[in-house]
Amino acid sequence: MTQELLNYYDNSPLGVAIYRRKSERQFEFYYYNKAGRKMDGAMDVAYKGKMIDELYPNVNEMGLVDALEEVYQTGVSQVVPLKGYKMSKSDILYRTNRVQKLKDEYVVSVYSDESDTFSYIRQIEKDNKNLNNALDFISHHLRGNLSTSLGILELFRATEVSPEEKNFLMDVVKKNLENIDSKIHHLVDVLYKEVKHDEKLLKKYSSETQDFKDIKV
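Let me sum up the structure you'll find in this document. (Residues numbered from 1 in each chain as written. Predicted model: local features only at pLDDT ≥ 70, side-chain atom pairs only at ≥ 80, totals over all residues. Heavy atoms only, no water.)

**Comments concerning the pairing of strand 2 (residues 26–32)**
- With five of seven residues buried, strand 2 lies mostly within the body of the structure.
- Where strand 1 (residues 15–23) meets strand 2, six bridges bridge the pair, whose relative direction is antiparallel. Each residue of the ladder has a partner; that of Arg20, found in strand 2, is Glu28.
- Joining the antiparallel neighbours strand 1 and strand 2 is a turn of two residues, in which Arg25 adopts a positive phi near 65°. (Buried < 20%, exposed > 50% of the residue type's maximum accessible area, 1.4 Å probe, protein only. Helix = DSSP H or I, 4+ residues; strand = E, 2+ residues; numbered from the N terminus. Pairing = 2+ DSSP bridges.)

**Considerations on unusual backbone geometry**
- Positioned with a positive phi, Arg25 is a non-glycine residue whose angle comes to about 65°.
- Inspection of the secondary structure puts Arg25 in the loop between strand 1 and strand 2.
- The phi dihedral of Asp104 falls on the positive side, at around 55°, and the residue is not glycine.
- You can see Asp104 is positioned in the loop between strand 4 (92–101) and strand 5 (106–113).
- Under the relative-accessibility criterion, Asp104 is labelled exposed at 59%.

**Regarding the sheet that holds strand 5**
- If you trace the five strands from one edge of the open sheet to the other, you get 2-1-5-4-3, paired in antiparallel fashion. A single partner strand is all that each edge strand has here, and the edge strands are strand 2 and strand 3 (78–86). With direction set aside, neighbouring strand axes in the sheet form an average angle of 35°.
- Where strand 4 and strand 5 come together, seven bridges link them in antiparallel fashion. Counterpart to Gln100 in the pairing with strand 5 is Val108.
- Sheet contacts for helix 4 (residues 64–74): strand 1, strand 2, strand 3, strand 4 and strand 5; angle to strand 4, the most-contacted strand, approximately 5°. (Axes fitted to C-alpha atoms, helices over the stretch in contact; angles between N-to-C directions. Contact = heavy atoms within 4.5 Å.)

**Re empty space enclosed by the protein**
- Evaluation of the coordinates by the stated rule reveals one cavity of 30 Å³ or more.
- Counted as a void, the largest cavity has a volume near 190 Å³.
- Lining the largest cavity we find 15 residues, and of these Tyr19, Asp40, Tyr56, Met62 and Leu64 sit closest to its centre.
- Sort the elements by how many residues they give to the lining of the largest cavity and strand 4 lands first, with three residues.
- In terms of residue class, the lining of the largest cavity is made up of twelve nonpolar, one polar and two charged. (1 Å grid on protein atoms, 1.4 Å probe; cavity = no way out; pocket = protein on both sides within 12 Å on 5 of 7 lines; lining within 4 Å. Points joined across faces, edges and corners; volume = space filled by probe spheres on them. Nonpolar A, V, L, I, M, F, W, Y, C, P; charged D, E, K, R; others polar.)

**Some details on the environment of Gln73**
- Along the chain, Gln73 falls in helix 4.
- Within the structure, the side chain of Gln73 is placed 2.8 Å from the side chain of Glu69, a separation counted as a polar contact. (Polar contact = N/O pair within 3.5 Å; in protein donor to acceptor, adjacent residues only side chain to side chain.)

**A word on the packing of aromatic side chains**
- According to the stated counting rule, one finds nine aromatic pairs in the structure shown.
- Between Tyr9 and Tyr31 the ring centres are 6.2 Å apart and the planes differ by 40°, which places this aromatic pair in the tilted class. Of this pair, Tyr9 sits in helix 1 (residues 3–10) while Tyr31 sits in strand 2, and the two are 22 residues apart along the sequence. Like Tyr9, the residue Tyr31 is buried in the burial classification.
- Considering the side-chain rings of Phe29 and Tyr56, the 6.4 Å spacing of their centres and the 55° angle between planes classify their relative orientation as tilted. Linking Phe29 in strand 2 with Tyr56 in the loop between helix 3 (52–55) and helix 4, this pair joins segments that are 27 residues apart in sequence.
- On the basis of relative accessible area, Phe29 is assigned to the buried category, the value being 2%.
- Look at Tyr56 and you get buried, because its relative accessible area is 10%.
- Through pairs of rings, three or more aromatic residues link up here, namely Tyr19, Phe29, Tyr32, Tyr47, Tyr56 and Tyr85.
- The cationic tip of Lys48 hangs over the ring face of Tyr30; the distance from NZ or CZ to the ring centre is 4.8 Å.
- Over the ring of Tyr72 we find Lys101; its NZ or CZ atom is 4.5 Å from the centre of that ring. (Phe/Tyr/Trp six-rings, centres within 6.5 Å; stacked < 30°, edge-to-face > 60°. Lys NZ or Arg CZ within 6 Å of the ring centre and 35° of its normal.)

**Some remarks on helix 4**
- Listed in full, the buried residues belonging to helix 4 are Leu64, Val65, Ala67, Leu68, Glu69 and Val71.
- Each element contacted by the buried residues of helix 4 is listed here: strand 1, strand 2, helix 3, strand 3, strand 4 and strand 5.
- One or two positions beyond helix 4, positive phi appears at Gly75, with a value near 75°.

What follows is the structure, encoded as structure tokens:
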């Protein structure tokens, strides 16, 4: 491992951790760059020589150790997709890791803070839930208006009604059709706003992550 490589990692805006494999699924910290320590809230931690699960006891929950071992064994790089690491009940780190084997017993993980990405996903899920609720509400009322109007038309076919009743019932049908038209316009407006909002979130997410999977380590 060259000093030039370590200098490159020192200046990387991404988190970089190099681990030395001691035995199966046992990895110790060899290098931990400043960006990574700042990202993880570990600026003052004496990390060198510490086992990964010594500093981060819940690390197995995010699948990083499995990836380190597999990459060490196969030499094939892999990406550990967005996962959360629980630091405490209220503090969760969201990370995407790209793991690659270096020479000898060393494996490197380059990672990014995906807290914003997780927020985008949660917001999209919330938007979808709101949209589904709007669809259910509007669908229920549309069916009611349609059923009433169809019933009136069937009544006209089945029985004779007086001009006064006919005028009254036609007003009901007209009102129902106006309600249906209003609800459809409202639904289209809701759909448009939700789609545009989610497009903005996805565009921002894509611009922030498009280069990460292709980064060379």
